[in-house]
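# Results of the structural survey
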Amino acid sequence: MKMSGAQMVCEAIIAEGVKTVFGYPGGAIMHVYDEIFKQGSFEHILTRHEQAAVHAADGYARATGEVGVAMVTSGPGFTNAVTGLATAYMDSIAMVVISGQVPLSLIGTDGFQEIDAVGISRPCTKHNYLVRSLEDLPRILKEAFYIARSGRPGPVLVDIPKDITVDIGEFVYPQSVSIPSYKPIYKGNKRQIEKAVEAIKKAKKPLLYIGGGVVLSNAYELIRELAFKTQIPAVETLMARGVMGAENPLLLGMLGMHGNYASNMAMSETDLIISFGARFDDRVTGKLSEFAKYAEVIHIDIDPANIAKLVDVDYPIVGDVTEVVKEMLSMLDGINTDRYKVWREILRRYEDLHPLSYIDSDEVLKPQWIIERVGELVGEKAIITSDVGQHQMWAAQHYPFDRPRQWINSGGLGTMGFGFPAAMGVKRAFPEKIVINVTGDGSILMNVQELVTASEYKIPVINLILNNQFLGMVRQWQSFFYEKRFSETDLSFQPNWKLLAEACGGIGYDVTTKAQFDIALQDAISQNRVCFMNVAINRFENVLPMVPSGGALFNMMLPPKAENKGEK
Amino acid sequence: MATSKTLQDQNVRSVISVIVINESSVLARVSGLFAGRGYNIESLTVAPIPNSQTSRITIVTNGNIRTIEQITKQLHKLIPVYKVIEHQEMVEKEMVLVKFPLTENLSDISALCTAYNGGIVNVGAQMCITMITDEPSRVRHFIEATQRFHPLEIVRGGVVALEI
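Residues numbered from 1 in each chain as written. Chains lettered and ligands numbered in written order. Predicted model: local features only at pLDDT ≥ 70, side-chain atom pairs only at ≥ 80, totals over all residues. Heavy atoms only, no water.

## Quick word on the overall build of chain B
Applicable threshold: Every helix listed is a DSSP run of H or I at least four residues long, and every strand listed is a run of E at least two residues long, numbered separately from the N terminus. Think of it in three bands: residues with accessible area under 20% of the maximum for their type are buried, residues over 50% are exposed, and the middle band is partly exposed, with areas taken using a 1.4 Å probe on protein chains only. Residues are treated as being in contact if the distance between any of their heavy atoms lies within 4.5 Å. Counted charges follow a simple rule, with Lys and Arg positive, Asp and Glu negative, and His plus the chain ends left uncounted. Every charge is mapped onto a representative atom, which is NZ of Lys, CZ of Arg, CG of Asp or CD of Glu.
Within chain B one finds 5 helices and 8 strands. In sequence order, chain B lays out its α and β elements as α-β-α-β-β-α-β-β-α-β-β-α-β. Along the three orthogonal principal directions, the C-alpha set of chain B runs to about 60 × 40 × 30 Å. Within chain B, buried positions represent 38% of all 164 residues. A separation of at least 24 residues holds for 73% of the contacts in chain B among residues at least 6 apart in sequence. Where the 15 positive side-chain charges of chain B centre and where its 15 negative ones centre are 7 Å apart.

And the structure:
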C-alpha cells in the first residue's frame, strides 16, 4: 500500500498494538502529527515538556511490560527527551522514541532546530537510527520495537528527517526481524546451570540476590517458587522491590546503601551469592574489596557484559532469568532445606537485632509513618512511583510492595522529576488503580508543568510531597560529611502548593497531622483530579540505615531503636 | 571472591578485531564506546571486507584483564557488531611511511628499509618516501633507526592482524 512516511509511522505504532503515545509536536515532526490527527487507533497525550513525555512512556512501559512510545520534534524537542532516554537506558526499559529531524538536504548545515540526535543519544540508547531513505523506514520501525523489547530491553531512538515523513512510498510492515549481528541469548547453558545447582546444594549460607531483571523477565512467580523450594533467604535491590512480596518470610529486605541491617549482613556473610538479573551496582556493593568476601558467585544475566563487570564470578550463566530458573527448579527436586536452617536462624537474629526502625512522633509527621500509613490504607490497590531522594528511599524501605511493577522509580540514573510524568503513564495504563507519586519538595518542581497535562486529560494521580523544605538527601550528606554546611539545599522558600495545584485544575491539600493525612488521602482517592498533597515532615529526618559512600556494606549507620516498630 | 590483585590489575596490550555491518555511524559507535567508558585506543584501522556487507576494525588497546574482557563484551553488545575477536595467536603487521630529505644517503636509507621488508617507493626533487611493513616491535626499532637520517615526516598505519 502506498502512503507517506508519516502514515508509516502511525501504521507501525498501530501494528505494534500501542494504545497510548506521549509526545509534543514541532516543525520537523508535524507531518506525523497530521497523521495522528487523522487516525483513531491510538490516543496521544500532549505533555507540557518533552522530558515528561518520555518519562510518561517509560512509566507506561514499566507498569505494563510493553513498549512505551514517545514522540518529539527535532533540536530542543529531542534534547529535552535525552534525560528520559538515559533514565530508561539505565533501568533497561523497553521504549521507542520517535524524533523529527530537519530534511535530509539540511542535515549538517546547522539548520533551524537541527541537532545530531543519533550522536547525542548513542551512549544512552540501546540502539538508534537516523532514517536515510523512505524504503528503510518500515524495516527500521519494526527493528526498533524488536530491539527495544528483546534481550536486555532498552530505549531505541528513531530519528526521521522531515522530507522522509512527507515522501510517498510502498508500505509493508515486516512480519519478522532478522539482524544477523543481534541474537540475544535466552536459554542458559545447561552444564553451567547444573554446576550452579551443585554449588547451591553444597553451600551453607546461600543468598538469593534479586535484581530488576527479574521484574523485566516477569519471573517473580518462579523466583518465589525457587525460594520456597530451597528455603534460601533473599534480598532485593531497589529495582526488584515487590518480587518476593513484603510478607514473604524468606525476604530480608532491600540491600545496599540504604538497605536494612539483616540484608547487608547477609550479603557480607553469605558463602554463595545467587544473583538473578542484578548488576552489582555501587549503591548495592559499597566498597568492592570488602563486598561478600566469603562468597562464591552465581551470576544469571541476559547481558553478558554485566557478568564479571565488577565482581569475579564463579558460575556465569548468560540467559533470561525465566528460562534459567525454570531449568534450576527441575534440578532442585528433593533439596535438603535443613542445610540452610542455621543460616536462616543467624539472619533472623540479625533482623531482630536491628530491624528497620524509626522513632515516631505526635508533634511532627515522620515520613516513614506516612509511607507505612499509605501502605495500610491502600496497600495492594496502589501503584507507587517515586522521584529521587530521601522520599524514594523511605518508600522503598517502608512500603509493603506485594508484587513487581507496583514500584516504579528511576534507580540507575536517579532522575529527579521522573515520578510525576511516570505516574501519569502508569495511571493511563491502569486507570482502576490508585497511583501515588511519592515525591519531595525538590523533585516535584522538576516536572511541575505536568499538572496541566494531568488536569486536561483527567489523569488523577496523587503527588504525595514529603516536604522537609530541603533537598533532603543532599542535606543528609551535608549533615554527615560536610559539617552541616547546607550549601544550596535549603528550600524553605516554597510555592503555595495548594494554590499551585488549583491554578492548574488540580486539587491541593496541606497536611501537618496524622488525622489530617488520613482524611486527605481518602478525599484525594475519591476525587477525579490530579492532586498535590503537601505533607510537612520532620525537616532533619535521615534515611537510615546508611552505608557511607565508598564504605564496606557491613559498616552501617543504624537507625535509632524504636519500641514498637519491627518490620521490613 | 579470591582475587589475585597483582595479576588482575596488570595492564596488558590487546589486539581486537571487530567485524561490523557496513552502515553509517558504526565507527562512531565503536570509538564512542571507548571514549565514553574510558578505554584506551592505541591504534585503530578500518576497511571494508571484500565481497561482503561487513567491515573489519582492528583496535589495539590496553588495560587490565577485566577491562579487556569488558571491552570485548561491550563491543559485542553494539547492535551492528557481528563478531569480536580478541587475538591470541596472530600475524600482526603495521605499515609505516617515512619521508627523508635527499641530502641523506639514499643507499643507506634503502638498506635500512630492506632490513624491515620495505624500500624506497618514491623519489622527488627534494625528498624520498620509504615504506616498510613489519611487526609492531620491529616498527618501533625501525623508527628509532630512521632518526639518524633526519626524517621529515613519519606516518604509521595502525595495526592489522589475522588470527593464525
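## What to know about the overall build of chain A
The condition that has to hold: For the radius of gyration, the atoms used are the C-alpha atoms, and the globule rule reads 2.2 Å times the number of residues raised to 0.38.
Along the backbone of chain A there are 21 helices and 20 strands. In terms of overall size, chain A behaves like a compact globule, its C-alpha atoms giving a radius of gyration of 24 Å where 568 residues would be expected to give roughly 24 Å. The principal-axis extent of the C-alpha atoms belonging to chain A is close to 70 × 60 × 40 Å. Of all 568 residues assigned to chain A, the portion counted as buried reaches 61%. Within chain A, contacts between residues separated by at least 24 positions form 77% of all contacts whose residues are at least 6 apart in sequence.

## Quick notes on the side chain of T230 of chain A
Residues and elements named next belong to chain A. What counts here: We define a polar contact as two N or O atoms separated by no more than 3.5 Å, with the added condition that, inside protein, one atom must be a possible hydrogen donor and the other a possible acceptor, whereas residues neighbouring each other in sequence contribute only through side-chain atom pairs.
Structurally, the position occupied by T230 is in helix α10 (residues 220-230). A polar atom in the side chain of T230 sits 2.7 Å from the backbone oxygen of L226. If we ignore the near neighbours within four places in the chain, the residues touching T230 are L332, I335, T337, Y340 and R344.

## Observations concerning the packing of aromatic side chains
Each aromatic ring pair is characterised by the separation of its centres together with the angle its planes make. Residues and elements named next belong to chain A. Which entries qualify depends on this criterion: Any two of the Phe, Tyr and Trp rings considered here, Trp counted by its six-membered ring, make a pair once their centres fall within 6.5 Å; the pair's planes then place it as stacked at under 30 degrees, edge-to-face at over 60, or tilted in between. We count a charge as sitting over a ring when the NZ of a lysine or the CZ of an arginine lies within 6 Å of the ring centre and within 35 degrees of the ring normal.
The final tally for this structure, using the stated rule, is 19 aromatic pairs over all chains. Ring plane angle 65° and centroid distance 6.2 Å describe the contact between F22 and Y60, whose orientation is recorded as edge-to-face. Placement of the pair is F22 in strand β2 (residues 20-23) and Y60 in helix α3 (residues 50-64), with a sequence separation of 38 residues. This pair shows no difference in class: F22 is buried, exactly as Y60 is. Where Y209 meets F280, the ring centres are 4.9 Å apart and the plane angle is 70°; that geometry is what we call edge-to-face. Placement of Y209 in strand β9 (residues 206-210) and of F280 in the loop between β12 (272-276) and α12 (282-285) is noted, with a sequence separation of 71 residues between them. The class of Y209 is buried, set by a relative accessible area of 0%. When the ring centre of F470 is taken as origin, the NZ or CZ atom of R475, which lies over that ring, is 5.7 Å away. The cationic tip of R539 hangs over the ring face of F470; the distance from NZ or CZ to the ring centre is 4.0 Å.

## Digging into the pattern of salt bridges
Operational definition: Think of a salt bridge as a Lys or Arg side-chain nitrogen and an Asp or Glu carboxyl oxygen that are within 4 Å of each other.
The tally for this structure, following the rule as stated, stands at 34 salt bridges over all chains. Its salt-bridge partner being D362 of chain A, residue K514 of chain A comes within 3.7 Å of it at the nearest N-O pair. One end of the pair, K514 of chain A, is in helix α21 (residues 514-526); the other, D362 of chain A, is in the loop between α14 (341-353) and α15 (367-377), with 152 residues separating them in the sequence. The partner of E42 of chain B in a salt bridge is R13 of chain B, with the nearest N and O atoms 3.8 Å apart. With E42 of chain B in the loop between α2 (26-37) and β2 (43-48) and R13 of chain B in strand β1 (residues 12-21), this residue pair connects regions lying 29 residues apart in the sequence. Each member of the salt-bridge network shares a partner with another, and the members are D34, E35 and K38 of chain A.

## Examining the packing of α15 of chain A against α21 of chain A
Residues and elements named next belong to chain A. In plain terms, the rule: All axes are obtained by fitting lines to C-alpha atoms, using only the stretch in contact for helices, and the reported angles, taken between N-to-C directions, cover 0 to 180 degrees. Any angle that falls under 35 degrees is termed roughly parallel, while one over 145 is termed roughly antiparallel, one within 65 to 115 roughly perpendicular, and all others oblique. Less than a right angle of anticlockwise turn of the near helix away from the far helix marks a crossing as left-handed, whereas a clockwise turn marks it as right-handed. Polar here means any residue other than Ala, Val, Leu, Ile, Met, Phe, Trp, Tyr, Cys and Pro, which are nonpolar, and Asp, Glu, Lys and Arg, which are charged; Gly is therefore polar.
Packing of α15 against α21 brings their axes to within 11 Å, and their N-to-C directions diverge by 45°. With respect to each other, α15 and α21 are oriented oblique. Seen from above, α15 lies across α21 with right-handed handedness. Across from W369, I370, R373, V374 and L377 in α15, the residues of α21 making contact are K514, F517, D518, L521 and Q522. When the residues that make up the contact of α15 with α21 are grouped by side-chain class, the tally is 6 nonpolar, 1 polar and 3 charged.

## Quick notes on helix α6 (residues 137-149) of chain A
Residue and element names in this part refer to chain A. Selection rule: The span one expects for a helix is its residue count, reduced by one, times 1.5 Å.
Between the first and last C-alpha of α6 there are 19 Å, a value that for 13 residues agrees with the 18 Å anticipated at 1.5 Å per step. Across the 13 residues of α6, 10 count as buried, placing the element largely inside the fold. Check the buried side of α6 and you find it contacts α1 (5-15), β4 (68-72), β5 (95-101), β6 (127-130), β7 (155-161) and α7 (162-166).

## With respect to the interface of chain A and chain B
In many reports, interface size means the accessible area that the parts give up when they come together. What counts here: Buried area, as used here, totals the accessible surface that two parts lose on assembly, with accessibility defined by a 1.4 Å probe and the loss added over both.
Across the boundary between the two partners, chain A contributes 26 residues, which contact 21 residues of chain B. When the two sides are added together, the surface that chain A and chain B hide from each other amounts to roughly 1,900 Å², 50% of it contributed by carbon and sulfur. Residues D312 of chain A and R66 of chain B are paired through a salt bridge, measuring 2.3 Å at the closest nitrogen-oxygen approach. A class-by-class count of the residues in the side of chain A that touches chain B yields 15 nonpolar, 3 polar and 8 charged.

## What about helix α19 (residues 472-481) of chain A?
Residue and element names in this part refer to chain A. Among all positions of α19, only G472, M473, R475, Q476, Q478 and S479 are buried. Buried residues along α19 sit in contact with α16 (390-398). Two residues or fewer after α19 comes E483, characterised by a positive phi angle close to 50°.

## Looking at the nonpolar core
Nonpolar side chains in soluble globular proteins generally cluster together in the buried interior. Residues and elements named next belong to chain A. Let me state the cut-off plainly: Nonpolar cores were defined as sets of buried Ala, Val, Leu, Ile, Met, Phe, Trp, Tyr and Cys residues, with membership established by side-chain atoms within 4.5 Å.
Within the largest apolar cluster, 67 residues are counted, with the highest numbers of intra-cluster contacts made by I200, M267, F276, I298 and M328. No other element matches the 6 residues that helix α13 (residues 321-331) contributes to this core. Discounting chain neighbours no more than four positions away, the residues touching M328 are I193, A196, V197, I200, L226, F276, I298 and I300. In terms of nonpolar packing, the next biggest core, distinct from the first, is built from 39 residues, M8, F42, I147 and A148 among them.

## Thoughts on the domain arrangement of chain B
All names here are of chain B. As a reminder, the rule being used: The split into domains, and so the bounds of each, comes from an automatic or database assignment of domains.
As far as domains go, chain B holds domain 1 (5-87) and domain 2 (91-163). For domain 1 and domain 2, the distance between their C-alpha centres works out to 28 Å. If you look at the interface, domain 1 gives 10 residues, while domain 2 gives 9 residues. For the pair domain 1 and domain 2, the two sides together bury roughly 640 Å², of which 53% comes from carbon and sulfur. Considering only the surface of domain 1 that becomes buried against domain 2, R13, T45 and H87 emerge as the three largest contributors, covering 51% of it. Taken together, domain 1 and domain 2 are joined by 1 salt bridge. Put simply, E92 and R13 hold a salt bridge, and the shortest N to O gap is 2.7 Å. Inspection of the region where domain 1 meets domain 2 yields 5 residue pairs in polar contact (both at pLDDT 80 or more). Elements with a minimum of two residues in the side of domain 1 that touches domain 2: β1, β2 and β3 (54-63). Classifying every residue of the side of domain 1 that touches domain 2 gives 3 nonpolar, 5 polar and 2 charged.

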